[in-house]
Amino acid sequence: MKKHLKIYLASPRGFCAGVKRAIEIVDKSLIKYGAPVYVRHEIVHNKQVVEDLKKKGAIFVDEITDIEDKTRPVIFSAHGVPKSVPEEAKEKKLSYLDATCPLVSKVHRESEQLHKRGYDIILIGHNNHPEVIGTMGQLPKGAITLVETMEDAQTLVDSDFSKPIAYITQTTLSVDDTAEIINCLIKKFPNIKAPVKEDICYATTNRQLAVKTMAPKCDMFFIVGSRNSSNSVRLVEVAKKAGCINAQLVYFEKEIPFKDIQDSKTIGISSGASAPEELVQNLINKVKKDRIVTIEEVVVAEEKVIFKLPKELN
């Protein structure tokens with residue numbers, strides 16, 4: 001006989017406005033220009049999204065030099081690119097569309113303004129993440145100091161900087177971990193300049209809040225998302241910190257641990273900002289085969305943000 005299972009379902013979850021816009025840019029470019037269109041790097045960090053767009057005629061490349069047909073347009077991913085990338089596209093006379101999330105572009109503009117005003121800039125973020133590479137690539141080498149961890153922040157000293165200091169952050173970080181690092185920086189450098197409006201995006205904040213609210217009630221927690229998706233990996237960490245030690249990422253091709261679910265009375269489900277909703281529903285449907293499921297949606301915010309498409313596609 002099937003046992004009862006309570007599923008707490010996070011809301012909001014899944015696609016944020018920046019991801020929706022990026023995917024729509026590829027879709028509309030394929031309609032306007034025909035296939036193929038090139039995309040530099042994964043448009044968003046989700047294998048299913050990338051595979052679906054490949055089927056429609058998108059060709060994903062690592063660098064602009066990998067583009068074989070120079071008559072076709074190229075799209076830059078939602079994570080943003082260093083300034084050198086559009087410059088290279090112009091040199092090669094490529095037409096390009098920029099799918100950088102507007103909230104990442106805000107951090108880019110912020111870094112440029114701070115640099116112009118004579119600040120040394122600290123960027124809180126993850127080394128080698130495409131967003132961090134893009135942000136650091138807005139300014140000359142050495143203009144931005146990357147801080148990844150509390151330890152990094154603690155080792156900084158006044159003599160590392162010759163000008164007033166400001167900080168900016170990657171948009172997809174853990175809200176709580178970042179707050180700890182910021183507090184450390186404020187203690188060390190009391191005059192450090194903060195962003196006018198915080199850089200961690202609304203979608204990251206909302207998804208983390210939903211997970212944090214639900215985690216203490218759950219025996220297990222599943223975050224649907226890719227392993228290279230920063231915001232998805234952060235959600236797993238948030239669930240563990242908030243009280244659900246058995247939290248894990250459900251990514252493309254991962255086996256779902258049904259045996260563990262059999263021993264659970266309550267599970268939580270959310271998804272990263274680049275994970276399609278159909279993956280969440282697939283997971284729920286698979287669980288329903290073995291259990292009598294009751295679903296409670298935990299709503300912590302309503303998201304009504306919509307970002308405009310580039311003028312070339314309107």
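Use the structure listed above.
Residues numbered from 1 in each chain as written. Predicted model: local features only at pLDDT ≥ 70, side-chain atom pairs only at ≥ 80, totals over all residues. Heavy atoms only, no water.

Chemist: Just give me the short version of the overall build of the chain, but keep the residues and values in it.
Modeler: Counting its regular elements, the chain contains 11 helices and 12 strands. For 314 residues, the compact-globule formula gives about 20 Å, and the C-alpha radius of gyration of the chain, at 21 Å, lands near that figure. Seen through its C-alpha atoms, the chain measures out along the principal axes to roughly 65 × 55 × 30 Å. A burial count over the chain gives 52% of its 314 residues as buried. In the chain, once contacts between residues fewer than 6 apart in sequence are set aside, the share between residues at least 24 apart is 77%. Here the chain displays about 15300 Å² of accessible surface, and carbon together with sulfur accounts for 52% of that area. Within the chain, the 42 negative side-chain charges are centred at a point lying 4 Å from the centre of the 46 positive side-chain charges. (Helix = DSSP H or I, 4+ residues; strand = E, 2+ residues; numbered from the N terminus. Rg over C-alpha atoms; globule rule 2.2 N^0.38 Å. Buried < 20%, exposed > 50% of the residue type's maximum accessible area, 1.4 Å probe, protein only. Contact = heavy atoms within 4.5 Å. Areas by Shrake-Rupley, 256 points an atom, 1.4 Å probe, with all protein chains shown as cover. Lys, Arg positive; Asp, Glu negative; His and termini not counted. Charge placed at Lys NZ, Arg CZ, Asp CG, Glu CD.)

Chemist: Requested: an account of the packing of aromatic side chains, with residues and values cited.
Modeler: The relation between two aromatic rings is expressed through the spacing of the ring centres and the mutual angle of the planes. Here the structure, examined in full by the defined rule, presents 2 aromatic pairs. Arranged with centres 5.0 Å apart and planes meeting at 25°, the rings of phenylalanine 76 and tyrosine 96 form a pair that is stacked. Taken together, the residues span a long stretch of sequence, with phenylalanine 76 in strand β4 (residues 74-76) and tyrosine 96 in strand β5 (residues 96-98) at a distance of 20 residues. With 5.6 Å between their ring centres and 85° between their planes, phenylalanine 161 and phenylalanine 189 make a pair best called edge-to-face. Placement of the pair is phenylalanine 161 in the loop between α6 (150-155) and β8 (165-169) and phenylalanine 189 in the loop between α7 (175-188) and α8 (202-214), with a sequence separation of 28 residues. Residue phenylalanine 161 is classed as buried on the basis of its relative accessible area of 10%. (Phe/Tyr/Trp six-rings, centres within 6.5 Å; stacked < 30°, edge-to-face > 60°.)

Chemist: I'd like a description of the pairing of strand β6 (residues 120-124), backed by residues and values.
Modeler: Of all 5 residues that make up β6, 5 are buried, and the element is covered over most of its length. Alternating residues of β6 divide into Asp120, Ile122 and Ile124 and Ile121 and Leu123, and every residue in both groups is buried. Pairing between β6 and β8: 5 bridges, direction parallel. Bridge pairing in β8 links leucine 123 to isoleucine 168. Bridge analysis of β6 against strand β7 (residues 144-147) gives 4 bridges, and the strand direction is parallel. By the bridge assignment, isoleucine 121 is partnered in β7 with isoleucine 144. (Pairing = 2+ DSSP bridges.)

Chemist: So what about the side chain of asparagine 46? Which residues, and what values?
Modeler: When you line up the elements, asparagine 46 lands in the loop between β2 (37-40) and α2 (47-56). Within the structure, the side chain of asparagine 46 is placed 3.0 Å from the backbone nitrogen of glutamine 48, a separation counted as a polar contact. Aside from chain neighbours lying at most four places away, what touches asparagine 46 is Ser226, Ser274, Ala275, Pro276 and Leu279. (Polar contact = N/O pair within 3.5 Å; in protein donor to acceptor, adjacent residues only side chain to side chain.)

Chemist: Please give an account of the packing of helix α1 (residues 17-33) against α2 that cites residues and values.
Modeler: Direction vectors running N to C along α1 and α2 enclose 10°, while the axes themselves pass 11 Å from each other. As the angle between them shows, α1 and α2 are arranged roughly parallel. Across the interface between the two elements, Ile23, Val26, Asp27 and Leu30 of α1 pack against Val49, Leu53 and Lys56 of α2. For the contact of α1 with α2, the residue count by class is 5 nonpolar, no polar and 2 charged. (Axes fitted to C-alpha atoms, helices over the stretch in contact; angles between N-to-C directions. Parallel < 35°, antiparallel > 145°, perpendicular 65-115°, else oblique. Nonpolar A, V, L, I, M, F, W, Y, C, P; charged D, E, K, R; others polar.)

Chemist: Tell me about the sheet that holds β8, residues and numbers included.
Modeler: Ordered by their spatial adjacency, 3 strands build an open sheet running β7-β6-β8, and the pairing between neighbours is parallel. Every other strand in the sheet has two partners, leaving β7 and β8 as the edge strands with one partner each. For this sheet, the mean inter-axis angle between neighbouring strands, taken without regard to orientation, is 30°. This element, helix α4 (residues 102-116), spans β6 and β8 of the sheet and lies at about 170° to β8.

Chemist: Before we move on, could you go through the sheet that holds β2 and cite the residues and values that matter?
Modeler: Spatially, β3-β2-β4-β5 is the arrangement adopted by the 4 strands of the open sheet, whose pairing is parallel. Looking along the sheet, the strands with just one partner apiece sit at the ends: β3 (58-61) and β5. Taken over all neighbouring pairs, the strand axes of this sheet differ in orientation by 25° on average, direction set aside. Summarising the sheet, β2 and β3 pair through 4 bridges and their orientation is parallel. From the neighbouring strand, tyrosine 38 faces β3, where its bridge partner is isoleucine 59.

Chemist: Can you tell me about α1, naming the residues and giving the values?
Modeler: Taking 1.5 Å per residue, 17 residues should reach 24 Å; α1 reaches 24 Å between its end C-alpha atoms and fits that length. Count one or two residues on from α1 and you reach glycine 34, which has phi positive near 80°. (Expected span 1.5 Å × (residues − 1).)

Chemist: Go over the nonpolar core with me, naming the residues and quoting the values.
Modeler: Counting 25 residues, the largest nonpolar core has Val26, Ile43, Val44 and Ile75 as its most contacted members. Where this core is concerned, the elements lending two or more residues are α1, β2, α2 and β3. Take this core: its biggest share by element is 6 residues, from α1. Beyond its immediate chain neighbours, meaning those up to four positions away, valine 26 contacts Val37, Val39, Ile43, Leu53, Ala58 and Ile75. (Core = buried A, V, L, I, M, F, W, Y, C linked by side-chain atoms within 4.5 Å.)

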